[in-house]
Amino acid sequence: MTAVAVTTAGKRMMTTGSLLLAGRATVRIVAAASVFLASHTTFALGGPAAQVDTSRCTVCHGIHGEGSPGGVPRLAGQNAEYMNHALGMFKAGTRAGPIMQPIARNLSDMEIRQLADYFSNQRAPRVEMAASASPQLVLAGKQLAERGAVNVAACFSCHAAQGKGNGARFPSIAAEPAQFVINRLHEFQARAQGKIPEPGTMTAVAATLDENQIAEAAAYLSQLGP
Ligand code: HEC
Ligand code: HEC
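What counts and what doesn't
- Residues numbered from 1 in each chain as written.
- Chains lettered and ligands numbered in written order.
- Predicted model: local features only at pLDDT ≥ 70, side-chain atom pairs only at ≥ 80, totals over all residues.
- Helix = DSSP H or I, 4+ residues; strand = E, 2+ residues; numbered from the N terminus.
- Buried ≥ 20, exposed ≤ 12 C-beta atoms within 10 Å, placed from the backbone.
- Contact = placed C-beta atoms within 7 Å.
- Axes fitted to C-alpha atoms, helices over the stretch in contact; angles between N-to-C directions.
- Parallel < 35°, antiparallel > 145°, perpendicular 65-115°, else oblique.
- Nonpolar A, V, L, I, M, F, W, Y, C, P; charged D, E, K, R; others polar.
- Near = placed C-beta within 6 Å.

Participant: Could you give an account of the overall build of the protein, with specific residues and numbers?
Facilitator: The secondary structure content of the protein amounts to 9 helices and 5 strands. Put simply, the protein has 226 residues, and 25% of those count as buried. Sequence-distant contacts, at least 24 apart, represent 59% of the contacts inside the protein between residues at least 6 apart.

Participant: Which residues make up the environment of Arg-105, and what values do they have?
Facilitator: Its place among the elements puts Arg-105 in helix H3 (residues 100-105). For Arg-105 and Ala-92, which are 13 residues apart along the polypeptide, the C-alpha to C-alpha distance reads 7.6 Å.

Participant: Describe unusual backbone geometry, and please don't skip the residues or the numbers.
Facilitator: Within the chain, Ala-160 stands out as a residue other than glycine whose phi angle is a positive 70°. Locating Ala-160 in the fold gives a position in the loop between helix H6 (155-159) and helix H7 (178-194). C-beta crowding within 10 Å serves as the criterion here: with 16 such atoms nearby, Ala-160 is assigned to the partly exposed category. In this model, Ala-175 sits at a positive phi of 65°, which is unusual for a non-glycine residue. Of note, Ala-175 is situated in the loop between H6 and H7. Given 23 C-beta atoms within 10 Å, Ala-175 falls into the buried group.

Participant: Can you tell me about the packing of helix H5 (residues 135-147) against helix H9 (residues 211-222), naming the residues and giving the values?
Facilitator: Axis separation between H5 and H9 bottoms out at 7 Å; the angle between their running directions is 95°. The angle between H5 and H9 places the two elements in the roughly perpendicular class. Here Leu-137, Val-138, Ala-140, Gly-141, Lys-142, Leu-144 and Ala-145 of H5 come into contact with H9, specifically with Gln-213, Ala-215, Glu-216, Ala-217, Ala-219, Tyr-220 and Leu-221. Among the residues forming the contact of H5 with H9, the class breakdown is 10 nonpolar, 2 polar and 2 charged.

Participant: Provide a residue-level description of the site of ligand 2, including the pertinent values.
Facilitator: Around ligand 2, 21 residues are found, and the nearest of them are Ala-153, Cys-155, Cys-158, Met-202 and Ala-217. Looking at the shell around ligand 2, the elements that each hand over two or more residues are H6, H7 and helix H8 (202-207). Counting residues per element, the shell around ligand 2 draws most heavily on H6, which supplies 4 residues. Tallied by class, residues from the shell around ligand 2 come to 15 nonpolar, 4 polar and 2 charged.

Participant: Account for the site of ligand 1, naming residues and giving values.
Facilitator: Inspection of the region around ligand 1 gives 20 residues, with Cys-57, Cys-60, Met-83, Gly-97 and Leu-115 positioned closest. Contributions of two or more residues to the shell around ligand 1 are made by helix H1 (55-61), helix H2 (80-92) and H3. Classifying every residue of the shell around ligand 1 gives 15 nonpolar, 4 polar and 1 charged.

And the structure:
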């Protein structure tokens, strides 16, 4: 739907459909209702003013998309293109996800775009973990993330300093709930068993990680600031 706001004689009028301006600002409303807005008007031509229902997402991902300790990922501040692509893959069935696939299948491409943009623009502190990891585990995770190990490159060499992410390809991994990091790394590992992963992909990286390294990375990333 295209909403157009026009100021006529000091009043703001919101119309749907096309409008005709002839002579001295005669406005003919072709489509249904017109709405008078007292103070300000959201001006949009097929733009972001279109409302998208986020409640069906926040019920799990948190009110600002901060995620949950149970393993629901953080969406707040995540790269919009990355999320757009992720949701597209859930929809197409090319990314595994018993929870997200049926949800994404019910979304139009337009809704996916809007939801990705919406959550990307959200700001929220990291979600608090039920139990805090030991300082040793966190420190080992920090070393792995910053310097890597014999079997793996530093996480931040791809995911950028402090895991903030780098463009559409390398998602932000900072402040992700530990359980999500663990689950997702296991998922990449499972994928690596199906076929030999391409070098430089996360599937190839995850395939080299052992369980201790996964626990370390999860402990560290989950206590980083977003
Ligand atoms: C029933 C709980 C639930 C609901 C409702 C839900 N999600 Fe999810 N979502 C999850 C879980 C759990 C994961 C992680 C599992 C996975 O990756 O398959 C996830 C993963 C995602 C991811 C991938 C994030 C990443 O960084 O890899 C995106 C994007 C996402 N959800 C967006 C949404 C949007 C948008 C909605 C609303 C239309 C939504 N989710 C509704 C539980 C939910
Ligand atoms: C060679 C570059 C590279 C390195 C090194 C790397 N990653 Fe990744 N990582 C990626 C890419 C690319 C993706 C996106 C994959 C996708 O969505 O299919 C990704 C995705 C992820 C995700 C999923 C994020 C999400 O929101 O779904 C996690 C978690 C992750 N990486 C953790 C790590 C950890 C921990 C390390 C270090 C042990 C690491 N990565 C090292 C390239 C890398």
